[in-house]
Amino acid sequence: MGAGYHGGFGNTLGSDERFRIGKPVPPTERDYEMALNPIYHAKVIAQKYGINLRGSGKKIEIVFDESLSPGNPGKIRRENPNVIVLGPSAFFSEIELANTIAHELNHARDYLRGGTAEEDPAYESGDALEDYIRGGR
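Since we're looking at a predicted model, the values are computed, not measured.

*Asks:* Would you take a moment to explain the overall build of the protein chain for this structure?
*Replies:* A count of helical and extended segments in the protein chain gives four helices and five strands. Going residue by residue from the N terminus, the α and β elements of the protein chain occur as α-α-β-β-β-β-β-α-α. For the protein chain, the proportion of its 137 residues judged to be buried stands at 39%. Contacts spanning at least 24 positions in sequence make up 49% of the contacts within the protein chain whose residues lie at least 6 apart. Carbon and sulfur atoms provide 50% of the accessible area of the protein chain, an area that totals close to 8200 Å².

Now the structure itself:
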């Protein structure tokens, strides 16, 4: 199925509404474990928004690299497409984190299919999720 209502889009955890236009998704309360464990935090947010960390039948892992520069919230490498690397700036907000995960996941899936992981589709993926979170979809 596609990403429409029956594909789960619009069924954000904690939401009973199909159409959320004009209704932003309330942020997740950040608990102690999320503050201490960025990988756990990222997985909580991925689960909340139904971000399926799989591609081409393979599990995609999230790792944290505190050395990533502030202008680079996340990255993925062609040589290791099953690993999304998140840096500290990805955790600026829940929206930034969800957008970064969706963006890098798009790259990962493209690499796993043998593609070149172009930026435009990845930005569209992350920005569509951000628009939904902000209440635009």
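*Asks:* I keep staring at the packing of helix α3 (residues 94-112) against helix α4 (residues 119-133) and nothing clicks. Help me out?
*Replies:* The geometry of a pair of packed helices is captured by two quantities: the angle between their axes and the separation between those axes. It is the contact of α3 with α4, at a shortest axis distance of 8 Å, that shows an interaxial angle of 150°. The angle between α3 and α4 places the two elements in the roughly antiparallel class. At the point where α3 passes α4, the crossing takes the right-handed sense. Two secondary-structure elements touch here, α3 through I95, A98, N99, A102, H103, N106 and H107 and α4 through E119, P121, A122, Y123, S125, G126, D127, L129, E130 and I133.

*Asks:* Which parts of the structure should I look at to understand the pattern of salt bridges?
*Replies:* Where charged atoms of side chains with opposite charge meet at close range, the side chains can pair. Within the structure shown, the criterion is met by four salt bridges. The closest approach of N and O atoms between E94 and K48, which form a salt bridge, is 2.8 Å. Placement of E94 in helix α3 and of K48 in helix α2 (residues 38-48) is noted, with a sequence separation of 46 residues between them. The class of K48 is buried, set by a relative accessible area of 8%. Between R113 and D110 there is a salt bridge, with the nearest N and O atoms lying 3.4 Å from each other. Owing to a relative accessible area of 16%, D110 belongs among the buried residues under this scheme.

So, how was this worked out
Residues numbered from 1 in each chain as written. Predicted model: local features only at pLDDT ≥ 70, side-chain atom pairs only at ≥ 80, totals over all residues. Heavy atoms only, no water. Helix = DSSP H or I, 4+ residues; strand = E, 2+ residues; numbered from the N terminus. Buried < 20%, exposed > 50% of the residue type's maximum accessible area, 1.4 Å probe, protein only. Contact = heavy atoms within 4.5 Å. Areas by Shrake-Rupley, 256 points an atom, 1.4 Å probe, with all protein chains shown as cover. Axes fitted to C-alpha atoms, helices over the stretch in contact; angles between N-to-C directions. Parallel < 35°, antiparallel > 145°, perpendicular 65-115°, else oblique. Left-handed = near helix turned anticlockwise from the far one by under 90°. Salt bridge = Lys/Arg side-chain N within 4 Å of Asp/Glu carboxyl O.

Spatial relationships are all this shows, so hold off on functional conclusions.
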